[in-house]
Amino acid sequence: MGKYVCLNGKLVERDNAAISVFDHGVLYGDGVFEGIRAYNGRVFKLDEHIDRLYNSAKIIMLDIPISKDEFKSLIVEVCKANGIVDGYIRPVVTRGAGTLGLAPWRCSNPNFFIIADKIQLYPHEFYENGLPIATVATRRNIPEALSPIVKSLNYLNNIMAKIEAHNYGAEEAIMLNQDGFVAECTGDNIFVIQHEKLFTPPVSAGALPGITRQVVIDLANELGYETWEKLFSRAELYISAEVFLTGTAAEVVPVVKVDGRPISDGTPGKITRELIKAFKEYANSTGTPIK
Ligand code: PMP
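Residues numbered from 1 in each chain as written. Predicted model: local features only at pLDDT ≥ 70, side-chain atom pairs only at ≥ 80, totals over all residues. Heavy atoms only, no water.

### Comments concerning the overall build of the chain
At step 1: Of regular secondary structure, the chain possesses eight helices and 17 strands.
At step 2: Taking 19 Å as the expected radius of gyration for a compact globule of 291 residues, we find that the chain reaches 19 Å, a close match to that expectation.
At step 3: Taking all 291 residues of the chain together, 52% fall into the buried category.
At step 4: Restricting the contact set of the chain to residue pairs at least 6 apart, pairs at least 24 apart contribute 70%.
At step 5: Roughly 13,700 Å² of accessible area belongs to the chain as shown, and the carbon and sulfur atoms make up 54% of that amount.
At step 6: Each charge class in the chain was averaged separately, 30 positive and 35 negative side chains, and the resulting centres sit 2 Å apart. (Helix = DSSP H or I, 4+ residues; strand = E, 2+ residues; numbered from the N terminus. Rg over C-alpha atoms; globule rule 2.2 N^0.38 Å. Buried < 20%, exposed > 50% of the residue type's maximum accessible area, 1.4 Å probe, protein only. Contact = heavy atoms within 4.5 Å. Areas by Shrake-Rupley, 256 points an atom, 1.4 Å probe, with all protein chains shown as cover. Lys, Arg positive; Asp, Glu negative; His and termini not counted. Charge placed at Lys NZ, Arg CZ, Asp CG, Glu CD.)

### Quick word on the packing of helix α6 (residues 211–222) against helix α8 (residues 270–283)
At step 1: Two numbers describe how α6 lies on α8: the axes approach to 10 Å, and their chain directions differ by 110°. Classified by the angle between their axes, α6 and α8 sit roughly perpendicular to one another. Mapping the contact onto sequence places T212, V215, V216, L219 and A220 in α6 and L275, A278, F279 and Y282 in α8.
At step 2: Taken together, the residues of the contact of α6 with α8 break down into eight nonpolar, one polar and no charged. (Axes fitted to C-alpha atoms, helices over the stretch in contact; angles between N-to-C directions. Parallel < 35°, antiparallel > 145°, perpendicular 65-115°, else oblique. Nonpolar A, V, L, I, M, F, W, Y, C, P; charged D, E, K, R; others polar.)

### Comments concerning the environment of A220
At step 1: By the secondary structure assignment, A220 is in helix α6.
At step 2: Overall, the relative accessible area of 0% leaves A220 in the buried class.
At step 3: Between the C-alpha atom of A220 and that of L275, which follows or precedes it by 55 residues, the distance is 6.9 Å.
At step 4: Ignoring any residue separated from it by four or fewer positions in sequence, one finds A220 in contact with L198, Y225, T227 and L275.

### A closer look at the domain arrangement of the chain
At step 1: According to the domain assignment, the chain contains domain 1 (4–117) and domain 2 (124–283).
At step 2: Here the C-alpha centroids of domain 1 and domain 2 sit 26 Å apart.
At step 3: Counting from both sides, the interface comprises 24 residues of domain 1 and, opposite them, 18 residues of domain 2.
At step 4: A buried area of about 1,700 Å², summed over both sides, lies between domain 1 and domain 2, and 65% of it is on carbon and sulfur atoms. (Domains from an automatic or database assignment. Buried area = accessible area lost by both parts, 1.4 Å probe.)

Encoded structure:
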């Protein structure tokens, strides 16, 4: 368990890391965040995560009070303080304390904090045997209302979908967009494999531009597989040769059943397993050193 949290640039003990109940991050989900992993003593894809954090903040007109380089140094510092070798890092920026109205311009100073700890998204067996998932009725937020490229503190849309999946006995939900095409899962991007080609929905379908998604696309290309962004329905998922999910917390996880239909023979596919191996090797051999 990480002993320290970085709060507004200072290391504080985790039990003393507190922000105001008047913070609009708490009152309205007004803020942005990232989820980052550390592997083998290195922070994975730190530049990409920090760029996405600052882009999310820019879109919601939230000025992060320190530079990107300062933010990256603080992430390394809190990992070091907590002795992180393999772990999960959660940087968060909130609008700050304000009045009880919505107006973000009445908030004095943004708060930022960084947690460095551990995460296990799905039980270990699912990485070996594959995950059954279910399509839910809760649709992904429409991009015209809140762009999926903003990784905001307002995850209720995804949480509602997760609750629905859980009610059906599934660990993860497939979320469709307003037109009924597959967008993504609640905290992961989705891929299908047909005729040894990889397909994933475009960001315009309502997906977050996942950093793991891009890593997997690059690794697949290096292994000689074609990758395409494509709209697909859930019926097309059922008849795909392989399905898998990607995300920082989830990593690469095989999907073996969708809405009660087994994917192929109901075991993790060959290309998925190849990609999991390539991802592990790559993640453990690159990144920003913590020491
Ligand atoms: N979609 C959503 C909604 C997410 O929250 C995440 C996790 N950040 C992802 C996809 C996967 O993105 P990444 O690979 O960058 O973690």
